[in-house]
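# Topology and contacts: notes
For reference, the chains in residue letters:
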Amino acid sequence: MVISIINEKGGSGKTTLAVNLSARLAEDGDNVLLIDADPQKSTEVFSDMRSQSKLEPLFSSVSKTGISLGDEIKRMKNSFDSIIVDTGGRDSKEMRKAILSSNIIIIPTIPSQYDVNVLDHMLNIYQEVTEFNSELLALILVNRVSPNPFLAKELNNLKDYINEAKKDKGLEKVIMLESVIYERQAYRKAVIEGKSIKEFCDSNDKALKDFEGFYQEFLKIVNEKIGA
Ligand SMILES: Nc1ncnc2c1ncn2[C@@H]1O[C@H](COP(=O)(O)OP(=O)(O)OP(=O)(O)O)[C@@H](O)[C@H]1O
Ligand SMILES: [Mg+2]
């Protein structure tokens, strides 16, 4: 299974999600490869810190940019249970190749008006790619949500927007995830320490509960739609 984390909007939490999803799948026993397809090589912070802290690697990782990304994914596909691809914060050849080569794309989205405009562009790209990759699932994950209850309206606006766009564009395989990830310090700190969210958090930590909610929903969709 190949899962790419996509959003041309910078800072929406792609790298943080790519690292945590790779770690979580590995903690469940998957043999995981994280491909860093961002020229900025942002996932190195995690791997380097992990190595410096003498923690065992949870998953394999490799940096791969350029148009050969698609070939690399194809070559690695049979050697791993899961391949996670982290892409950069702009529309790039790597992003397009990653989408083309995936079973699932996850689009982490911050619920503000500006992001919604970018999201529309992402959905158009998704629609173009489905001409070549018709089974591709797209999961929209509302990410970095402010815990301030006064901002709940923004979240609902985003959900309404996606549901409308799905209907208008006929995007049956776009799924708006029920679970939401909030803005919490633990996500930032865990990556900097080279730890998975599970390793970093206490068992009753809200960040861990959020992430687990997302992960279980993700697994359910994978089982139902992909049968992996
Ligand atoms: N749920 C969260 N709560 C708090 N901070 C977060 C969360 N997710 C990500 N961050 C922080 O937000 C910043 C941007 O996150 P990240 O680097 O994962 O985004 P990105 O989409 O990969 O960015 P880019 O487009 O530049 O690659 C980082 O400082 C990260 O630690
Ligand atoms: Mg990144």
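Refer to the structure above for everything that follows.
Residues numbered from 1 in each chain as written. Chains lettered and ligands numbered in written order. Predicted model: local features only at pLDDT ≥ 70, side-chain atom pairs only at ≥ 80, totals over all residues. Heavy atoms only, no water.

Our focus in this paragraph is the nonpolar core. Counting 37 residues, the largest nonpolar core has Ile83, Val85, Ile99, Ile105 and Ile140 as its most contacted members. Of the residues forming this core, the biggest block, 8 residues, is contributed by helix 5 (residues 113–129). Every residue in contact with Ile83, bar those within four places of it in the chain, is listed here: Met1, Val2, Ile3, Leu33, Ile35, Ile73, Met76 and Lys77. Counting residues in each nonpolar core, the second largest holds 36 residues, with Ile3, Leu17, Val32 and Ile221 among its members. (Core = buried A, V, L, I, M, F, W, Y, C linked by side-chain atoms within 4.5 Å. Buried < 20%, exposed > 50% of the residue type's maximum accessible area, 1.4 Å probe, protein only. Helix = DSSP H or I, 4+ residues; strand = E, 2+ residues; numbered from the N terminus. Contact = heavy atoms within 4.5 Å.)

Packed helices, taken two at a time, are described by the angle between their axes plus the distance between the axes. Packing of helix 4 (residues 93–100) against helix 5 leaves a shortest axis separation of 10 Å and a crossing angle of 55 degrees. Taken together, the axis directions place helix 4 and helix 5 in an arrangement best described as oblique. Like other packed secondary-structure pairs, helix 4 and helix 5 cross with a definite hand, here right-handed. Between helix 4 and helix 5, the residues in contact are Met95, Arg96, Ile99 and Leu100 and Met122, Ile125, Glu128 and Val129, respectively. Its residues assigned to classes, the contact of helix 4 with helix 5 shows 6 nonpolar, no polar and 2 charged. (Axes fitted to C-alpha atoms, helices over the stretch in contact; angles between N-to-C directions. Parallel < 35°, antiparallel > 145°, perpendicular 65-115°, else oblique. Left-handed = near helix turned anticlockwise from the far one by under 90°. Nonpolar A, V, L, I, M, F, W, Y, C, P; charged D, E, K, R; others polar.)

With that out of the way, let us pick up the site of ligand 1. Inspection of the region around ligand 1 gives 17 residues, with Lys14, Thr15, Thr16, Arg144 and Arg184 positioned closest. Within the complex, the protein chains bury 81% of what would otherwise be the 620 Å² of accessible surface of ligand 1. Those elements that provide at least two residues to the shell around ligand 1 are helix 1 (14–27), strand 6 (137–145), strand 7 (174–182) and helix 7 (185–192). Here the shell around ligand 1 gets 3 residues from one element, more than from any other, and that element is helix 1. Along the lines of polarity and charge, the residues of the shell around ligand 1 split into 3 nonpolar, 8 polar and 6 charged. (Near = heavy atom within 4 Å. Areas by Shrake-Rupley, 256 points an atom, 1.4 Å probe, with all protein chains shown as cover.)

Across the sheet, which stays open at both edges, the 7 strands sit in the order 3-2-4-1-5-6-7 with parallel pairing between neighbours. Edge positions in the sheet fall to strand 3 (60–63) and strand 7, since each has one partner strand and no second. Strand-to-strand, the axes of this sheet are offset by a mean angle of 20 degrees, without reference to chain direction. Pairing of strand 5 (residues 104–109) with strand 6, which is carried by 6 bridges, proceeds in the parallel orientation. Within the sheet, the bridge partner assigned to Ile106 lies in strand 6 and is Leu139. The strands touched by helix 6 (residues 152–169) within the sheet are strand 5, strand 6 and strand 7, with strand 7 carrying the most contacts at an inclination of about 165 degrees. (Pairing = 2+ DSSP bridges.)

What follows deals with the environment of Glu27. Looking at the secondary structure, you find Glu27 in helix 1. C-alpha separation for the pair Glu27 and Lys198, spaced 171 residues apart in sequence, amounts to 9.1 Å. Contact partners of Glu27, with chain neighbours within four places excluded, come to Leu58, Ser196, Lys198 and Glu199.

With that settled, consider unusual backbone geometry. Positive phi, normally seen in glycine, also occurs at Lys54, with a value near 60 degrees. Looking at the element boundaries, Lys54 is found in the loop between helix 2 (44–52) and strand 3. One non-glycine residue, Arg144, adopts positive backbone phi at about 55 degrees. Along the chain, Arg144 falls in strand 6.

So, on to the packing of aromatic side chains. Applying the stated criterion across every chain, the model contains 4 aromatic pairs. When the centroid spacing of 5.5 Å and the interplanar angle of 55 degrees are considered together, the rings of Phe211 and Phe214 count as tilted. In this pair, Phe211 and Phe214 are both assigned in helix 9 (residues 206–226), 3 residues apart and thus about one turn of the helix distant. For the pair shown, Phe211 and Phe214 are each scored as buried. (Phe/Tyr/Trp six-rings, centres within 6.5 Å; stacked < 30°, edge-to-face > 60°.)

When the terminal C-alpha atoms of helix 5 are compared, their 25 Å separation across 17 residues agrees well with the 24 Å that a helix rising 1.5 Å per residue should span. Buried positions along helix 5 lie against helix 4, strand 5, strand 6, helix 6 and strand 7. (Expected span 1.5 Å × (residues − 1).)

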